[in-house]
Amino acid sequence: MLNRLIVFALASIAITALIAPQLRTAGPQPQTDAAATVQPARPHPAGGEADDSNAMVLRRDSSGQFHMTAAIQGEDVRFLVDTGADVVALTEDTAERLGLRPQPDDFLPVMKTASGTGYGARVTLDSVEIGGERFTNVEAVVMQGLSVNLLGQSVLRRLGKVELDGDSMVIRPS
C-alpha cells in the first residue's frame, strides 16, 4: 500500500514537472525572490482578522506560479511551490550541489508518465529552513530529468495551513 502511495506521489511530481515549463507565458521572469518574504496577510474574507503576524505571503509570478527560496542544509535553493507534491523533489544538479549523491542503483522506477518511466532516489534532508522555521529529517527524492526543484507537502504541511487568495499564497503557522 505504501509503495502505491509513493508511486502516486512521484507520478504527481513528474507530471507537474513535465507540464509546468509548458505553462509559462511570455514576459519577464522574476529576478529576485522578494515575493517570498514573510509579510502580514490581509484580513479574512469573513471580516475578522487572524493572527497573521507570522504568516508567509507569496506573490504569483508572471508565469502564474509561486516560488520561494529555502535553505537546505545551509545552502539556498530555489523551489516551485507544489501543493500537489507529497515530498520535496530535487533536480540532480541541486542534489549534487548539496552533497547528496545517490548511487545509480538507488534510482528506481517510481512512476509512469506519457513520456516514459520516471526514476527517483529517496533521500532525507538533514535540515530545511524557510522563513525562520527550521525542520529536520525531511523526506525528499532526487529525480532524474527534473528541471525545477519542487517544494512539496513533506515541508508545506510542517509550515502550516496553505491558502490561495487571488494572486497570493498565504501560509499560516498551525
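Fair warning: this is a prediction, and the values are worked out from it, not measured in the lab.

## What about the overall build of the protein?
The secondary structure content of the protein amounts to three helices and eleven strands. Element order for the protein, N to C, with α for helix and β for strand: α-β-β-β-β-β-α-β-β-β-β-α-β-β. Within the span of the protein, comprising 174 residues, buried residues form 42% of the whole. Taking all contacts inside the protein whose residues are at least 6 apart in sequence as the whole, residues at least 24 apart take part in 57%.

## Examining the side chain of Thr91
With respect to the helices and strands, the residue Thr91 is situated in strand E5 (residues 88-91). The exposure class assigned to Thr91 is buried, which follows from its relative accessible area of 8%. Beyond its immediate stretch of four places on either side in the chain, Thr91 contacts Val142, Met143, Leu146, Ser147, Val148 and Asn149.

## Looking at the nonpolar core
One recurring pattern in soluble globular proteins is that nonpolar side chains are buried together. Formed by 30 residues in total, the largest nonpolar core has its most connected members in Val88, Leu125, Ile130 and Leu151. Contributions of two or more residues to this core are made by strand E2 (56-59), strand E3 (67-72), strand E4 (75-81), E5, strand E7 (116-130), strand E8 (133-143), helix H3 (153-159) and strand E11 (168-172). Examining the composition of this core, we find that five residues originate from one element, E7, more than from any other. Aside from chain neighbours lying at most four places away, what touches Leu125 is Ile72, Gln73, Val88, Leu90, Leu100, Thr136, Asn137, Val138 and Ala140.

## What to know about the pattern of salt bridges
Per the counting criterion, the structure on display carries six salt bridges. Here Glu75 makes a salt bridge to Arg97, at a shortest N to O gap of 3.7 Å. Linking Glu75 in strand E4 with Arg97 in helix H2 (residues 92-97), this pair joins segments that are 22 residues apart in sequence. A relative accessible area of 37% means that Glu75 is categorised as partly exposed. Residue Arg97 is classed as partly exposed on the basis of its relative accessible area of 44%. Note that Lys161 is salt-bridged to Glu163, the shortest N-O span being 3.3 Å. Because the salt bridges share partners, they merge into one network encompassing Lys161, Glu163 and Arg172.

What counts, and where the lines are drawn
Residues numbered from 1 in each chain as written. Predicted model: local features only at pLDDT ≥ 70, side-chain atom pairs only at ≥ 80, totals over all residues. Heavy atoms only, no water. Helix = DSSP H or I, 4+ residues; strand = E, 2+ residues; numbered from the N terminus. Buried < 20%, exposed > 50% of the residue type's maximum accessible area, 1.4 Å probe, protein only. Contact = heavy atoms within 4.5 Å. Core = buried A, V, L, I, M, F, W, Y, C linked by side-chain atoms within 4.5 Å. Salt bridge = Lys/Arg side-chain N within 4 Å of Asp/Glu carboxyl O.

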